[in-house]
Amino acid sequence: MTQEKWGQLRDKLLKTVGQNNYTTWIEPLEFQELQDGVAVFSVPTNFMGNYVSQNFADIILYELNSSGASVQRLAFRVAANSTERPVREAPVREADVSAAKDETPEKRRQAATETAANALDSLQAAPLDSRFTFDSFVVGKPNELAHAAARRVAEGGPVTFNPLVLYGGVGLGKTHLMHAIAWELKARRPDLNVLYLSAEQFMYRFVQALRERRMMDFKHLFRSVDVLMVDDVQFIAGKDSTQEEFFHTFNALVDQNKQIIISADRAPGEIKDLEERVKSRLQCGLVVDLHPTDYELRLGILQNKLQHYRGTYPDLKIADGVLEFLAHRISTNVRVLEGALTRLFAFASLVGREIDMELTQDCLADVLRASERKITVEEIQRKVSEYYNIRLSDIIGPKRLRSYARPRQVAMYLAKQLTSRSLPEIGRRFGGRDHTTVMHGVKRIEELKLTDGQIAEDVEMLRRSLEA
Ligand SMILES: Nc1ncnc2c1ncn2[C@@H]1O[C@H](COP(=O)(O)OP(=O)(O)OP(=O)(O)O)[C@@H](O)[C@H]1O
């Protein structure tokens, strides 16, 4: 059995176990020697050796023997200078702890901690997305506070607010920021054990530990981290025993002054079925929200993505105004925005055309339709009355005073621009006015926008707040 032969066998294993398993578990194995029927491999961690021997030993043995080698057993040694980490989580094996059965309590504790640390190794590197860094995070008004708090925590200095809770709607960058913190901490403070996982994974690990009667390992694992990051914490709402364990983990870490970072899809106080005591713990630190994106932030993100895509599609051309159009028309969810741009680039490169308005509308018709915000005339009237601080009835009613008439015209103009209502329909909603009155109002505002800076600004502010 030679290195070369192992190389060939690995190719066969790739077909048997699939790409993911292969990359995670088989590729990092280094064949060392075959002696007395034992094939020895070096592995980056104990944990990984255990996992491979539990899950893939029979397949590896089968392939080794089919290739002519005579192998009865596999053995795994941890490489002395190993810096690699496996990239997936898996159960911690009882064998690791039971080896210490006859030792003193102190040694047992140490062995358990080492086991936990091994498992920790695999978790740390597990799910971080290399694209989610501070560099690739575009900062704008809606997320500047969350970003600043994340940056502060990522410095790894003394813990000043604990926990940091980031919350906000779907696709607004919570996970991105959490990963960015983890990356930054890894770079600045490699001495710290940073553990990032989703609340779902937390529950999964907890249930598994219960099933395998390995709660001690579980507790060791989670209490020996320096920074614990739990994503999408709302997931544990209504899951009583998981919440309970989370609560104890949380307290234990806070008592040791270890940093905790949590994300949720809404403010802690608003998470249904989350125990009061968990809610109040979450509210003890700094709670910051990621607001829905605004036009400027969406445009910034698109420009950022464009730079990125230039690397992949160097020949692509994009007409002026397309990014602005997308930022204007596509919803607040950044994931949808990114998806739209990806599709657009892929499509344009396939058909070999410049990305212009026509191509954009063809290619993204469904996305554009789905994200079309239905702004109503009533909503416009309400916003306009709030903005000018007049009563809603004065916008709709017959008063002709300039201080009512001008806001009314602004509302008519916005209704024409932002809804698909016809002039007569708009007129009906303004106290049964004639369509010519609406037409006149719209024209008047169009003219004033060019000559009166204040009106132009009012209209723009109102448009933005209606579209936000
Ligand atoms: N400010 C931003 N700058 C750059 N990319 C962003 C920004 N905000 C979000 N994104 C991107 O949008 C996508 C969705 O973000 P992310 O997964 O972090 O959302 P989330 O808030 O965790 O959503 P969910 O609640 O669905 O888990 C990611 O690809 C992320 O990189």
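Preceding this paragraph is the structure being described.
The paragraphs below set out a description of the structure included in this document. (Residues numbered from 1 in each chain as written. Predicted model: local features only at pLDDT ≥ 70, side-chain atom pairs only at ≥ 80, totals over all residues.)

**Describing the overall build of the protein chain**
Along its length, the protein chain carries 23 helices and 8 strands. A burial count over the protein chain gives 34% of its 468 residues as buried. For the protein chain, restricting intrachain contacts to residue pairs at least 6 apart in sequence, the fraction spanning at least 24 positions comes to 75%. (Helix = DSSP H or I, 4+ residues; strand = E, 2+ residues; numbered from the N terminus. Buried ≥ 20, exposed ≤ 12 C-beta atoms within 10 Å, placed from the backbone. Contact = placed C-beta atoms within 7 Å.)

**A look at the site of the ligand**
Taken together, 18 residues surround the ligand, and among them Gly173, Lys174, Thr175, His176 and Val334 come closest. Partitioning the shell around the ligand into residue classes produces 7 nonpolar, 7 polar and 4 charged. Here the shell around the ligand gathers at least three residues from each of two domains, domain 2 (141-290) and domain 3 (295-370). (Near = placed C-beta within 6 Å. Nonpolar A, V, L, I, M, F, W, Y, C, P; charged D, E, K, R; others polar. Domains from an automatic or database assignment.)

**Description of the packing of helix α18 (residues 377-388) against helix α20 (residues 402-418)**
One way to put it is that α18 packs onto α20 with a least axis distance of 9 Å and a crossing angle of 145°. Considering only the axes of α18 and α20, their crossing is right-handed. Within the contact between the two elements, α18 uses Val377, Ile380, Gln381, Val384 and Tyr388 and α20 uses Pro407, Val410, Ala411, Leu414, Ala415 and Leu418. (Axes fitted to C-alpha atoms, helices over the stretch in contact; angles between N-to-C directions. Left-handed = near helix turned anticlockwise from the far one by under 90°.)

**Here we look at the sheet that holds strand β8 (residues 286-290)**
The parallel open sheet is built from 5 strands, whose spatial order is β5-β6-β7-β4-β8. Every other strand in the sheet has two partners, leaving β5 (194-198) and β8 as the edge strands with one partner each. Along the sheet, successive strands turn relative to each other by an average axial angle of 15°, direction set aside. In this sheet, β8 lies alongside strand β4 (residues 164-168) in parallel orientation, the contact comprising 5 bridges. Residue pairing for β8: Tyr167 is matched across the bridge by Asp289. (Pairing = 2+ DSSP bridges.)

**So, the nonpolar core**
Side chains of a nonpolar character, in soluble globular proteins, are inclined to be buried together. Among the nonpolar cores identified, the biggest contains 66 residues, and Ile181, Leu228, Met229 and Ile261 are the most heavily contacted of them. Each of domain 2 (141-290) and domain 3 (295-370) gives at least three residues to this core. If we ignore the near neighbours within four places in the chain, the residues touching Ile261 are Val153, Pro163, Leu164, Met178, Ile181, Val227 and Met229. In terms of nonpolar packing, the next biggest core, distinct from the first, is built from 16 residues, Ala411, Ala415, Ile426 and Ile445 among them. (Core = buried A, V, L, I, M, F, W, Y, C linked by C-beta atoms within 7 Å.)

**Quick word on the packing of helix α22 (residues 435-451) against helix α23 (residues 453-467)**
It is at 6 Å that the axes of α22 and α23 come closest, and there the two elements cross at 115°. Of the two possible hands of crossing, α22 and α23 adopt the one that is left-handed. Contacts between α22 and α23 involve Ile445, Leu448 and Lys449 from the former and Ile455, Ala456 and Val459 from the latter. Within the contact of α22 with α23, the residues separate by chemical class into 5 nonpolar, no polar and 1 charged.

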